[in-house]
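Remarks on the overall topology
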There are 2 protein chains.
Amino acid sequence: MSRYQVDEATPEEVARERATYEPLAQVVRELAEASIRTEVEADEVEAAVADLRDVVERLRKRQLEGSYGLRHSTAGGGTRPWGNAVVGVRNPVAPPLDVRRDPTGSAESDFHLGAAYEGPPGLVHGGVAALILDQLLGEAAGAGGKPGMTATLTLTYRRPTPLGPLHGEARIVRTEDHKTWAVGHIADAEGVTVEAEGLFILPRWARERTSGKAEPAEAERPDRFE
Amino acid sequence: MSRYQVDEATPEEVARERATYEPLAQVVRELAEASIRTEVEADEVEAAVADLRDVVERLRKRQLEGSYGLRHSTAGGGTRPWGNAVVGVRNPVAPPLDVRRDPTGSAESDFHLGAAYEGPPGLVHGGVAALILDQLLGEAAGAGGKPGMTATLTLTYRRPTPLGPLHGEARIVRTEDHKTWAVGHIADAEGVTVEAEGLFILPRWARERTSGKAEPAEAERPDRFE
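Now for a look at the structure at hand. Everything numeric in this text was worked out from a predicted model, so none of it was measured. (Residues numbered from 1 in each chain as written. Chains lettered and ligands numbered in written order. Predicted model: local features only at pLDDT ≥ 70, side-chain atom pairs only at ≥ 80, totals over all residues. Heavy atoms only, no water.)

With respect to the relation of the copies chain A and chain B
- Each copy superposes on the other: chain A lies on chain B with an RMSD of 0.0 Å after a rotation of 180° and an axial shift of 0.0 Å. Both copies of the chain, as the preceding transformation shows, are related through a two-fold rotation axis. Nearest to the rotation axis, the C-alpha of threonine 154 of chain A is located 2.1 Å from it, this being the minimum over chain A.
- A symmetric contact is evident, with 100% of the interface residues of chain A recurring at the interface of chain B. (Least-squares fit on C-alpha atoms with pLDDT ≥ 70 in both. Contact = heavy atoms within 4.5 Å.)

A closer look at the pattern of salt bridges
Residues and elements named next belong to chain A.
- Summed over the entire model, instances satisfying the criterion amount to 28 salt bridges over all chains.
- The residue arginine 101 makes a salt bridge to glutamate 139 at a minimum N-O spacing of 2.6 Å. Within this pair, whereas arginine 101 is found in strand β4 (residues 100-102), its partner glutamate 139 is found in helix α3 (residues 126-143), the two being separated by 38 residues in sequence.
- Given the relative accessible area of 26%, arginine 101 is considered partly exposed.
- With a relative accessible area of 2%, glutamate 139 lands in the buried category.
- Across the pair aspartate 188 and arginine 159 runs a salt bridge whose closest N-O atoms are separated by 2.7 Å. Of the two residues, aspartate 188 sits in strand β8 (residues 179-188) while arginine 159 sits in the loop between β6 (149-157) and β7 (164-176), which places them 29 residues apart along the sequence.
- A single salt-bridge network, built from bridges that share partners, covers Asp7, Glu17, Arg80 and Arg90. (Salt bridge = Lys/Arg side-chain N within 4 Å of Asp/Glu carboxyl O. Helix = DSSP H or I, 4+ residues; strand = E, 2+ residues; numbered from the N terminus. Buried < 20%, exposed > 50% of the residue type's maximum accessible area, 1.4 Å probe, protein only.)

So, the packing of helix α1 (residues 11-37) of chain A against helix α1 (residues 11-37) of chain B
- Following both chains from N to C, one finds α1 of chain A and α1 of chain B inclined at 165°, their axes separated by 10 Å at the closest point. The orientation of α1 of chain A relative to α1 of chain B falls into the category roughly antiparallel. Where α1 of chain A crosses over α1 of chain B, the two elements pack in a sense that is left-handed. For the pair formed by α1 of chain A and α1 of chain B, the contact residues are Leu24, Ala25, Val28, Leu31, Ala32 and Ser35 of chain A on the first element and Leu24, Ala25, Val28, Leu31, Ala32 and Ser35 of chain B on the second.
- Along the lines of polarity and charge, the residues of the contact of α1 of chain A with α1 of chain B split into 10 nonpolar, 2 polar and no charged. (Axes fitted to C-alpha atoms, helices over the stretch in contact; angles between N-to-C directions. Parallel < 35°, antiparallel > 145°, perpendicular 65-115°, else oblique. Left-handed = near helix turned anticlockwise from the far one by under 90°. Nonpolar A, V, L, I, M, F, W, Y, C, P; charged D, E, K, R; others polar.)

Structural notes on the sheet that holds strand β2 (residues 70-73) of chain B
Residues and elements named next belong to chain B.
- Pairing in this open sheet of 3 strands is mixed, and the strands run β1-β2-β3 from one edge to the other. With partners counted over all chains shown, the strands left at the sheet margins are β1 (4-7) and β3 (79-80), one partner each.
- Alignment of β1 against β2, held across 4 bridges, turns out to be parallel. Of the residues in β2, the one forming a bridge with aspartate 7 is serine 73. (Pairing = 2+ DSSP bridges.)

Observations regarding the interface of chain A and chain B
- Counting from both sides, the interface comprises 82 residues of chain A and, opposite them, 82 residues of chain B.
- Between chain A and chain B lies a buried interface of about 7400 Å² when both sides are counted; carbon and sulfur atoms form 62% of it.
- Per-residue buried area on chain A facing chain B is highest for Arg37, Glu39 and Arg62 of chain A; these three make up 9% of the total on that side.
- A salt bridge links aspartate 51 of chain B to arginine 58 of chain A; the shortest N-O distance between them is 2.9 Å.
- Run the count over chain A and chain B and you get 42 residue pairs in polar contact (both at pLDDT 80 or more). (Buried area = accessible area lost by both parts, 1.4 Å probe. Polar contact = N/O pair within 3.5 Å; in protein donor to acceptor, adjacent residues only side chain to side chain.)

Quick look at the packing of helix α2 (residues 42-59) of chain A against helix α2 (residues 42-59) of chain B
- At a closest axis distance of 10 Å, the pairing of α2 of chain A and α2 of chain B adopts a crossing angle of 160°. In terms of orientation, α2 of chain A and α2 of chain B fall into the roughly antiparallel class. The element α2 of chain A and its partner α2 of chain B pack so that their crossing is left-handed. Packed against α2 of chain A, whose contacting residues are Ala47, Ala48, Asp51, Leu52, Val55, Arg58 and Leu59 of chain A, the element α2 of chain B presents Ala47, Ala48, Asp51, Leu52, Val55, Arg58 and Leu59 of chain B at the interface.
- Each residue belonging to the contact of α2 of chain A with α2 of chain B can be placed in one class, and the counts come to 10 nonpolar, no polar and 4 charged.

What follows is the structure, encoded as structure tokens:
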């Protein structure tokens, strides 16, 4: 069962895991793009499919029972949201975004969206913009020490977002007990294309965990949920 | 340059393209999940990466210049949104959703989200729920003959959405000129987890196209944008 998992991975162990699995996710991203764009003949595609099935088989020989979850090290290895659909370095569905978090409660990222994120022709899928903004607003809340799960999210599409290089940013605008409100946007070279505002709420189970009843609160406290 | 492309693909040609490329996207989806979950040793991962790079190379020998775009056949082949990030059968980032559209202005889908769509541990990423609902609301609008691009989208998260089998549906609630309002939700076996409402607007270029100035309006009229 996937869960918020606390371990004692050292920085060296984390670096080794990342060096091993990150290139795998990266080449699968390239395959995803190639799957959409290739125009090679049917027999060549068939041969590729056979080779890929063989690799799947080999990778499945030993694997996690469920999803990656979220791992947090108490030995200096940091938090690994590596299966996350937006920032997960082991997840080929994720672009992945490299997010810079600021403890004042903001987050930003420069990223590139290719053919796999298309909605209308040549444009970023409106829902992909929502996906990325949900993550960025959540990261801003977490960076400011007010992590939470999304309660509401409102997107306003100012104009189409082209596939290609993009910028996203978000910041906390208000907090109240376990509630955090954040705003953000995605922009291309010409300016803002999509705006978002959201409310994030710290779940009850996390409040109980951080009340320090059973475990060392500081080390185990999640600074993110996604 | 990707665009809304009109061609004369026959149903047979479309079926052949689908039979060739759909299994490729499918095995890349399996690879994406394996990339997240595998625990095989570093040397086995390295060997897999080398093999995958070789396949990427082969698939890239002949490929589209940009993204897939949206193709519409005037010869009975239907519309192919095959690169789409939610429903694209050639896009490994898409689950993909198989959407049933009803001309009264509704759309629904039963689908499965695995490890690649994770946000909080064991749960669907809030932004992935938004991505899927954006698509479903847009499909409902298009199914009712009122296609449009997303102008606003509001998500309300009632409770966490577990990874696994899910259901989504959407319907038009109001239309006014080029504007269409739709609502929808995602549900698991216990009921609704996320609700959405959105406004979709027919873009100016599509209005001009459908005014029938230069080309046969009916055959070329998009019934979707994503």
